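One-letter residues, chain by chain:
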Amino acid sequence: MLRDLIIKRRSYRRFHQDTPIEPDTLKELVDLARLSSSAANLQPLKYLLSCDPLKNDLIFPYLAWAGYLKDWPGPCEGERPSAYIIILGDTEISQSFGCDHGIAAQSILLGATEKGLGGCMIGAVEMNGLRKALGILSRYEILLVLAIGKPKETVVIETVGPTGDVKYWHDDDGIHHVPKRTLDDIIVG
Ligand SMILES: Cc1cc2nc3c(=O)[nH]c(=O)nc-3n(C[C@H](O)[C@H](O)[C@H](O)COP(=O)(O)O)c2cc1C
(Lines give C-alpha, C1' and ligand atoms only; values in the text may rest on other atoms or scores of the structure.)
Protein backbone atom coordinates (compact mmCIF):
# COMPACT_ATOMS: atom_id res chain seq x y z
CA MET A 1 0.00 0.00 0.00
CA LEU A 2 2.69 2.48 0.98
CA ARG A 3 4.72 1.44 -2.05
CA ASP A 4 1.69 2.08 -4.29
CA LEU A 5 1.22 5.54 -2.78
CA ILE A 6 4.91 6.37 -3.20
CA ILE A 7 4.82 5.23 -6.83
CA LYS A 8 1.69 7.31 -7.44
CA ARG A 9 3.24 10.40 -5.85
CA ARG A 10 5.06 11.73 -8.86
CA SER A 11 5.92 15.34 -9.54
CA TYR A 12 2.94 16.75 -11.45
CA ARG A 13 3.26 20.11 -13.14
CA ARG A 14 0.02 20.40 -15.11
CA PHE A 15 -3.30 20.58 -13.31
CA HIS A 16 -7.03 21.10 -13.74
CA GLN A 17 -6.74 24.66 -12.51
CA ASP A 18 -10.52 25.06 -12.24
CA THR A 19 -10.75 22.26 -9.65
CA PRO A 20 -10.75 24.16 -6.37
CA ILE A 21 -8.97 23.03 -3.23
CA GLU A 22 -10.53 24.04 0.09
CA PRO A 23 -8.53 25.67 2.90
CA ASP A 24 -9.46 22.74 5.19
CA THR A 25 -7.83 20.33 2.74
CA LEU A 26 -4.59 22.29 2.92
CA LYS A 27 -4.83 22.34 6.72
CA GLU A 28 -5.27 18.55 6.78
CA LEU A 29 -2.13 18.23 4.66
CA VAL A 30 -0.13 20.56 6.92
CA ASP A 31 -1.29 18.46 9.87
CA LEU A 32 0.57 15.51 8.32
CA ALA A 33 3.71 17.65 8.26
CA ARG A 34 3.08 18.72 11.86
CA LEU A 35 3.15 15.05 12.90
CA SER A 36 6.36 14.30 10.99
CA SER A 37 9.91 14.06 12.33
CA SER A 38 11.91 17.16 13.17
CA ALA A 39 15.57 17.35 14.19
CA ALA A 40 15.79 17.78 17.99
CA ASN A 41 11.99 18.06 17.78
CA LEU A 42 12.44 21.81 17.33
CA GLN A 43 9.58 22.02 14.80
CA PRO A 44 10.83 25.24 13.23
CA LEU A 45 8.66 25.01 10.11
CA LYS A 46 5.73 27.32 9.46
CA TYR A 47 3.34 27.21 6.50
CA LEU A 48 1.75 29.77 4.27
CA LEU A 49 -1.35 28.52 2.45
CA SER A 50 -2.95 29.69 -0.76
CA CYS A 51 -5.99 28.30 -2.56
CA ASP A 52 -7.40 31.58 -3.79
CA PRO A 53 -6.94 32.29 -7.51
CA LEU A 54 -5.77 35.88 -6.92
CA LYS A 55 -3.22 34.83 -4.29
CA ASN A 56 -2.14 31.92 -6.51
CA ASP A 57 -1.47 34.44 -9.29
CA LEU A 58 0.87 36.33 -6.96
CA ILE A 59 2.92 33.19 -6.30
CA PHE A 60 3.18 31.63 -9.76
CA PRO A 61 5.57 34.15 -11.44
CA TYR A 62 8.32 33.40 -8.92
CA LEU A 63 8.50 29.65 -9.61
CA ALA A 64 10.76 27.86 -12.12
CA TRP A 65 9.35 24.69 -13.63
CA ALA A 66 11.03 21.53 -14.96
CA GLY A 67 14.53 22.80 -15.66
CA TYR A 68 15.32 19.87 -17.98
CA LEU A 69 12.40 20.70 -20.30
CA LYS A 70 14.09 23.60 -22.05
CA ASP A 71 11.25 24.20 -24.52
CA TRP A 72 8.52 24.17 -21.87
CA PRO A 73 7.99 27.40 -19.93
CA GLY A 74 5.82 25.81 -17.27
CA PRO A 75 2.08 25.27 -16.98
CA CYS A 76 -0.10 27.56 -19.08
CA GLU A 77 -3.13 29.43 -17.74
CA GLY A 78 -5.80 26.80 -17.11
CA GLU A 79 -3.22 24.15 -16.17
CA ARG A 80 -1.69 25.89 -13.17
CA PRO A 81 -1.87 24.71 -9.55
CA SER A 82 -5.09 25.38 -7.63
CA ALA A 83 -3.19 25.74 -4.38
CA TYR A 84 0.20 26.20 -2.80
CA ILE A 85 1.75 25.37 0.54
CA ILE A 86 4.85 27.46 1.13
CA ILE A 87 7.19 25.92 3.71
CA LEU A 88 8.96 28.54 5.80
CA GLY A 89 11.74 28.20 8.36
CA ASP A 90 11.19 30.28 11.49
CA THR A 91 14.63 31.73 12.32
CA GLU A 92 13.39 32.67 15.78
CA ILE A 93 13.20 28.93 16.49
CA SER A 94 16.27 27.71 14.59
CA GLN A 95 18.89 29.04 12.18
CA SER A 96 19.14 25.79 10.22
CA PHE A 97 16.36 23.54 9.05
CA GLY A 98 18.30 20.42 8.02
CA CYS A 99 16.05 18.06 6.13
CA ASP A 100 12.89 18.89 8.09
CA HIS A 101 11.29 20.58 5.10
CA GLY A 102 12.01 17.62 2.82
CA ILE A 103 10.29 15.28 5.26
CA ALA A 104 7.38 17.69 5.64
CA ALA A 105 7.07 18.08 1.88
CA GLN A 106 6.93 14.33 1.30
CA SER A 107 4.31 13.89 4.04
CA ILE A 108 2.18 16.61 2.47
CA LEU A 109 2.48 15.28 -1.07
CA LEU A 110 1.75 11.69 -0.01
CA GLY A 111 -1.35 13.00 1.75
CA ALA A 112 -2.32 14.94 -1.35
CA THR A 113 -1.86 11.80 -3.46
CA GLU A 114 -4.10 9.83 -1.12
CA LYS A 115 -6.77 12.50 -1.66
CA GLY A 116 -6.54 12.14 -5.46
CA LEU A 117 -4.49 15.30 -5.79
CA GLY A 118 -0.92 15.76 -6.91
CA GLY A 119 1.84 18.30 -6.73
CA CYS A 120 5.41 19.29 -7.15
CA MET A 121 8.10 20.54 -4.80
CA ILE A 122 9.56 23.75 -6.16
CA GLY A 123 12.96 24.75 -4.86
CA ALA A 124 13.83 27.07 -7.75
CA VAL A 125 12.00 30.05 -6.32
CA GLU A 126 12.79 33.71 -6.84
CA MET A 127 12.79 34.20 -3.08
CA ASN A 128 13.00 38.00 -2.81
CA GLY A 129 10.22 38.53 -5.31
CA LEU A 130 7.96 36.00 -3.60
CA ARG A 131 8.74 37.48 -0.19
CA LYS A 132 7.74 40.94 -1.39
CA ALA A 133 4.65 39.75 -3.27
CA LEU A 134 3.25 38.00 -0.19
CA GLY A 135 4.71 40.28 2.48
CA ILE A 136 6.57 37.41 4.14
CA LEU A 137 8.37 38.66 7.27
CA SER A 138 12.18 38.54 7.33
CA ARG A 139 12.14 36.13 10.30
CA TYR A 140 10.91 33.43 7.91
CA GLU A 141 13.24 31.72 5.44
CA ILE A 142 11.45 30.48 2.34
CA LEU A 143 12.45 26.80 2.07
CA LEU A 144 10.17 25.15 -0.48
CA VAL A 145 7.00 25.87 -2.39
CA LEU A 146 4.59 22.96 -2.88
CA ALA A 147 2.34 23.35 -5.89
CA ILE A 148 -0.85 21.32 -5.52
CA GLY A 149 -3.79 20.53 -7.76
CA LYS A 150 -5.73 17.84 -9.55
CA PRO A 151 -3.17 16.38 -11.98
CA LYS A 152 -3.80 16.80 -15.69
CA GLU A 153 -0.86 14.76 -16.91
CA THR A 154 0.40 11.20 -16.85
CA VAL A 155 3.79 10.53 -15.34
CA VAL A 156 5.55 7.20 -15.80
CA ILE A 157 8.68 5.87 -14.16
CA GLU A 158 11.51 4.65 -16.39
CA THR A 159 14.82 3.00 -15.56
CA VAL A 160 18.00 5.04 -15.92
CA GLY A 161 19.81 3.58 -18.92
CA PRO A 162 23.49 2.66 -19.37
CA THR A 163 24.39 6.28 -20.21
CA GLY A 164 23.30 7.30 -16.71
CA ASP A 165 21.08 10.10 -18.02
CA VAL A 166 18.65 11.15 -15.27
CA LYS A 167 16.86 13.87 -17.24
CA TYR A 168 13.08 13.52 -17.35
CA TRP A 169 11.35 14.10 -20.68
CA HIS A 170 7.95 14.66 -22.33
CA ASP A 171 7.00 12.40 -25.24
CA ASP A 172 4.88 13.45 -28.25
CA ASP A 173 1.68 12.57 -26.37
CA GLY A 174 2.65 14.87 -23.50
CA ILE A 175 3.40 11.97 -21.15
CA HIS A 176 6.09 12.82 -18.64
CA HIS A 177 8.80 10.15 -18.18
CA VAL A 178 10.99 10.18 -15.09
CA PRO A 179 14.03 7.88 -14.97
CA LYS A 180 14.99 6.25 -11.68
CA ARG A 181 18.25 4.46 -10.89
CA THR A 182 17.99 0.72 -10.15
CA LEU A 183 18.31 -0.73 -6.65
CA ASP A 184 21.60 -2.35 -7.68
CA ASP A 185 22.89 1.10 -8.61
CA ILE A 186 22.11 2.70 -5.28
CA ILE A 187 22.91 0.01 -2.71
CA VAL A 188 26.66 0.14 -2.37
CA GLY A 189 27.20 -2.45 0.32
C1 LIG B 1 14.16 19.64 -3.11
C2 LIG B 1 13.48 19.56 -4.45
C3 LIG B 1 13.39 20.69 -5.23
C4 LIG B 1 12.72 20.64 -6.46
N5 LIG B 1 12.60 21.80 -7.18
C6 LIG B 1 11.92 21.76 -8.34
C7 LIG B 1 11.73 22.96 -9.07
O8 LIG B 1 12.20 24.03 -8.70
N9 LIG B 1 10.99 22.91 -10.22
C10 LIG B 1 10.44 21.73 -10.66
O11 LIG B 1 9.76 21.74 -11.69
N12 LIG B 1 10.62 20.56 -9.99
C13 LIG B 1 11.34 20.56 -8.84
N14 LIG B 1 11.50 19.41 -8.12
C15 LIG B 1 10.90 18.15 -8.61
C16 LIG B 1 11.96 17.21 -9.19
O17 LIG B 1 12.29 17.66 -10.48
C18 LIG B 1 11.37 15.78 -9.23
O19 LIG B 1 11.28 15.33 -7.91
C20 LIG B 1 12.22 14.84 -10.06
O21 LIG B 1 12.16 15.18 -11.43
C22 LIG B 1 11.79 13.40 -9.92
O23 LIG B 1 10.43 13.26 -10.23
P24 LIG B 1 9.46 12.57 -9.18
O25 LIG B 1 9.24 13.54 -8.05
O26 LIG B 1 8.21 12.28 -9.93
O27 LIG B 1 10.14 11.34 -8.66
C28 LIG B 1 12.16 19.42 -6.91
C29 LIG B 1 12.27 18.29 -6.12
C30 LIG B 1 12.91 18.34 -4.90
C31 LIG B 1 13.00 17.09 -4.04
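Look up: the structure comes first, before these words.
Keep in mind it's a predicted model, so treat the numbers as computed, not measured.

So, how was this worked out
- Throughout, residues of each chain are indexed from 1 in the direction in which the sequence is written.
- pLDDT decides what is reported in this predicted model: residues at 70 or higher carry local features, side-chain atom pairs at 80 or more are listed and counted, and totals for whole chains, interfaces and linings draw on all residues regardless.
- Excluded from the side-chain calculation are hydrogens and water; included are all heavy atoms of the structure.
- Being near a molecule or strand, for a residue, comes down to having at least one heavy atom within 4 Å of it.
- We call two N or O atoms a polar contact when they sit within 3.5 Å, provided that within protein one can donate a hydrogen and the other can accept it, with sequence-adjacent residues counted only if both atoms are side-chain atoms.
- To be clear on the numbers: accessible area is Shrake-Rupley with a 1.4 Å probe, and residue cover counts the displayed protein chains and nothing else.
- Starting at the N terminus, helices and strands are each numbered in turn, a helix being any DSSP run of H or I of at least four residues and a strand any DSSP run of E of at least two.
- For two strands to be treated as a pair, DSSP must find no fewer than two bridges joining them.
- Here, axes are lines fitted to C-alpha atoms. For helices the fit covers the stretch in contact, and angles between N-to-C directions go from 0 to 180 degrees.
- Working rule for contacts: check all heavy atoms of both residues, and any pair within 4.5 Å makes them a contact.
- Type-normalised accessible area, obtained with a 1.4 Å probe on protein chains alone, sets the label of each residue: buried when under 20%, exposed when over 50%, and partly exposed for intermediate values.
- Directions from the helix axis toward the C-beta atoms define the arc.
- Excluding any residue in a salt bridge, patches collect residues exceeding 30% relative accessible area, merging like charges within 9 Å and nonpolar Val, Leu, Ile, Met, Phe, Trp and Tyr side chains within 5 Å.
- Just to be clear on terms, a salt bridge is a Lys or Arg side-chain nitrogen sitting within 4 Å of an Asp or Glu carboxyl oxygen.
- Stacked, tilted and edge-to-face are the three classes applied to pairs of Phe, Tyr and Trp rings, where Trp contributes its six-membered ring and a pair requires centres within 6.5 Å; stacked means planes under 30 degrees apart, edge-to-face means over 60, and tilted covers the rest.
- Remark: a charge is flagged as sitting over a ring if the NZ atom of Lys or the CZ atom of Arg is within 6 Å of the ring centre and within 35 degrees of the ring normal.

1. Here's the deal with the site of the ligand
Next, step 1: Residues in contact with the ligand amount to 15 residues; listed here are only the nearest, Arg10, Ser11, Arg13, Ala66 and Lys180.
Next, step 2: Within the contact set of the ligand, an oxygen atom lies 2.7 Å away from a side-chain nitrogen or oxygen of Lys180.
Next, step 3: For the ligand, whose unbound accessible area comes to 620 Å², protein coverage reaches 70%.
Next, step 4: For the shell around the ligand, the secondary structure elements donating two or more residues are strand S3 (118–122) and strand S7 (176–180).
Next, step 5: At three residues, S3 tops the list of elements feeding residues into the shell around the ligand.

2. Examining the sheet that holds strand S4 (residues 140–149)
Whether parallel or antiparallel, the strands of a sheet pair through hydrogen bonds between backbone atoms.
Next, step 1: Read from one edge of the open sheet, four strands run S1-S2-S4-S3, paired in antiparallel fashion. Both outer strands of the open sheet, strand S1 (45–50) and S3, are each paired with one neighbouring strand and no more. On average, adjacent strands in this sheet sit at an angle of 25 degrees to one another, irrespective of strand direction.
Next, step 2: For S1 and strand S2 (residues 83–90), the ladder comprises six bridges, and the chain directions are antiparallel. Among the inter-strand pairings, Leu49 is bridged to a residue of S2, identified as Ile85.
Next, step 3: Across the sheet, helix H4 (residues 100–114) is in contact with S1, S2, S3 and S4; its angle to S4 comes to roughly 20 degrees.

3. Some remarks on the environment of Thr182
Next, step 1: Structurally, Thr182 is set in the loop between S7 and helix H6 (183–186).
Next, step 2: Residue class for Thr182 comes out partly exposed when judged on its relative accessible area of 30%.
Next, step 3: With 22 residues separating them in the primary sequence, Thr182 and Val160 have C-alpha atoms 7.2 Å apart.

4. Side note on helix H5 (residues 127–134)
Next, step 1: Within H5, the full set of buried residues consists of Gly129, Leu130 and Leu134. The arc that holds every buried residue of H5, seen down its axis, measures 115 degrees, which confines them to one face. Facing away from the buried side of H5, by more than 90 degrees, are the exposed residues Asn128 and Lys132.
Next, step 2: Taken together, the buried residues of H5 touch S1, helix H3 (53–59), S2 and S4.
Next, step 3: Positive backbone phi, at 65 degrees, marks Gly135, one or two positions downstream of H5.

5. Regarding a nonpolar patch on the surface
Next, step 1: The grouping of Leu183, Ile186 and Ile187 at the surface amounts to a nonpolar patch, some 330 Å² of accessible area in total.
Next, step 2: With respect to the helices and strands, Ile186 occurs in helix H6.
Next, step 3: Residue class for Ile186 comes out exposed when judged on its relative accessible area of 51%.

6. Some points on the packing of aromatic side chains
Next, step 1: This structure, assessed with the given rule, holds two aromatic pairs.
Next, step 2: Sitting above the plane of the Tyr168 ring, Arg13 keeps its charged end 4.8 Å from the centroid.
Next, step 3: The ring of Tyr68 has Lys167 sitting right over it, with the charged end atom 6.0 Å from the ring centre.

7. Details of the environment of Asp52
Next, step 1: Within the element layout of this structure, Asp52 appears in the loop between S1 and H3.
Next, step 2: Asp52 sits in the partly exposed class, given a relative accessible area of 38%.
Next, step 3: Counting along the chain gives 125 residues from Asp52 to His177, while the straight-line C-alpha distance between them is 30 Å.

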